[in-house]
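# Structural features, examined
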Amino acid sequence: MKLSDRTRLIKPSVTLALAAKAQVMRAEGIDLVNFTAGEPDFDTPQRIKDAAVEALKKGMTKYTDVRGIEPLRLAILEKYRKDYGLKYEKTEVLVSCGGKHALYNAIQAVIDQGEEVVIPAPYWVSYSDMVLLAGGTPRLARTSEESGYKITPEQLKAALTSKTRAFILNSPCNPTGAAYGRDELAALARVLERHDCLILSDDIYEKIVYDGFRFHSILAIEPKLRERTIIFNSLSKSYAMTGWRVGYVLGPAAMISAAANIQSQSTSNATSIAQAAALEALTGPQDEIAVMVGEFHKRRDVIVKRLKGMPGITCFKPQGAFYVFPNVRSLLGKTANGKKLSSASDVVDYFLTEARVLAVPGEDFGSTENIRISYATSIKEIEKGCDRIEAALKKLE
Ligand SMILES: Cc1ncc(COP(=O)(O)O)c(C=O)c1O
């Protein structure tokens, strides 16, 4: 069958593919340490599940407004008002089937053929493919471990051209865990103020931050960017709700309306009972988040310490999210079982075959010398995985 040209532009999500591979290996009885998870290992809090059950019992099983049920949209507006002092109207929010879907719709709504989107690399795997699907061109701005994996104002200035339509800001970042402080955002805002492009702010890890770090919205810092900023968020990570598929986008009414039209011609509304659960998540007690973040914090400290102690690996200490992105450059060129390690993918393959540890290669995140390890797993598993990696490293020649 002839497939559309569009399908040739993109590849399947590597993170989802590897998570599926890990499941198959475990089902086959292989004692695998799985470091691929892009989701909290905690269960969705009971009060949220109960809200969905209640909605189901009450017969909330029909289509809803494409944009989402009104109480949920109002709860989202209230959250952004309370957390960051940002005021949005009902016409400026759209609930979608996960944050990924919210980003997809919005990118379809604002990017035209040939327009460039500046993406600091390393970046979350789906940004570039979503831009390609919209006919746009991803323009990567490489950051390094030395610069804390953050784009500098100078770099941003150099990356913005007359073709730039948008800049993607993801803080805290998947895969590096880097998060921008207030002053850093203010400096980026000063550059963006002078360049007429959109700012796509993916806030999905806003609540998962460590060491007293405070998340700031670039818009709260520079309100002049209001008409050009689009905010994305999701219930997935903060409330351990990845499978429920509820995310949302906030932005100027015309853009929201266009994204809602796209959604109305594809998925229609996010699942009705998942919306009821999301409403409870946002409006009920928020204590579960702190408990979860406390756990992630302990795990981050363990894994960073372990990785830093390994020869040939350097590891940036993340300020947020639940991933580390160790640099394995020094391992490239070494030999394992007669085979030379030439790429981050080779290192991942080696850890899988030799140590039964599965990580994600950096290539799809825009880095050839890093691997992504998720610490959304128990400290016991983290220690076990690190012991195995350490033993495998000793065998390299
Ligand atoms: C940076 C980032 N944005 C968006 C998403 C989308 O998440 P979801 O579609 O589950 O809301 C993810 C998921 O891994 C992510 O890491």
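Residues numbered from 1 in each chain as written. Predicted model: local features only at pLDDT ≥ 70, side-chain atom pairs only at ≥ 80, totals over all residues. Heavy atoms only, no water.

## Section: the overall build of the chain
In terms of regular secondary structure, the chain is built from 14 helices and 14 strands. When the 397 residues of the chain are sorted by exposure, 57% land in the buried category. Across the chain, every contact between residues at least 6 apart in sequence was considered, and the portion connecting residues at least 24 apart equals 74%. Roughly 16,900 Å² of accessible area belongs to the chain as shown, and the carbon and sulfur atoms make up 52% of that amount. On the chain, the mean spot of the 53 positive side-chain charges and the mean spot of the 47 negative ones are 1 Å from each other. (Helix = DSSP H or I, 4+ residues; strand = E, 2+ residues; numbered from the N terminus. Buried < 20%, exposed > 50% of the residue type's maximum accessible area, 1.4 Å probe, protein only. Contact = heavy atoms within 4.5 Å. Areas by Shrake-Rupley, 256 points an atom, 1.4 Å probe, with all protein chains shown as cover. Lys, Arg positive; Asp, Glu negative; His and termini not counted. Charge placed at Lys NZ, Arg CZ, Asp CG, Glu CD.)

## Quick word on the domain arrangement of the chain
One can read the domain layout of the chain as domain 1 (5-43 + 288-394) and domain 2 (46-283). Inter-centroid distance (C-alpha atoms) of domain 1 to domain 2 is 26 Å. In this assembly, 41 residues from domain 1 lie in contact with 38 residues from domain 2. Counting each side, the surface lost to burial between domain 1 and domain 2 is near 3,200 Å², with a carbon and sulfur contribution of 56%. Our count for the contact surface shared by domain 1 and domain 2 stands at four salt bridges. Across the pair Arg300 and Asp211 runs a salt bridge whose closest N-O atoms are separated by 2.9 Å. Counting every contact that joins domain 1 to domain 2 gives 20 residue pairs in polar contact (both at pLDDT 80 or more). Sorting the residues of the side of domain 1 that touches domain 2 by element identifies helix H1 (5-9), helix H2 (14-27), helix H12 (287-308) and strand E9 (323-324) as the ones contributing at least two each. If you tally residues by element for the side of domain 1 that touches domain 2, the top one is H12, at seven residues. Residue composition of the side of domain 1 that touches domain 2, grouped by class: 20 nonpolar, eleven polar and ten charged. (Domains from an automatic or database assignment. Buried area = accessible area lost by both parts, 1.4 Å probe. Salt bridge = Lys/Arg side-chain N within 4 Å of Asp/Glu carboxyl O. Polar contact = N/O pair within 3.5 Å; in protein donor to acceptor, adjacent residues only side chain to side chain. Nonpolar A, V, L, I, M, F, W, Y, C, P; charged D, E, K, R; others polar.)

## Some points on the side chain of Glu381
Tracing the backbone shows Glu381 in helix H14 (residues 379-394). Excluding residues within four positions of it along the chain, Glu381 makes contact with Arg26, Leu32, Val33 and Phe35.

## Observations regarding the sheet that holds strand E14 (residues 371-374)
Taken in spatial order, the three strands make up an open sheet running E9-E14-E13, and their pairing is antiparallel. Both outer strands of the open sheet, E9 and strand E13 (360-361), are each paired with one neighbouring strand and no more. When E13 meets E14, the two strands line up antiparallel, connected through two bridges. When the bridges of E14 are listed, Val360 appears paired with Arg372. (Pairing = 2+ DSSP bridges.)

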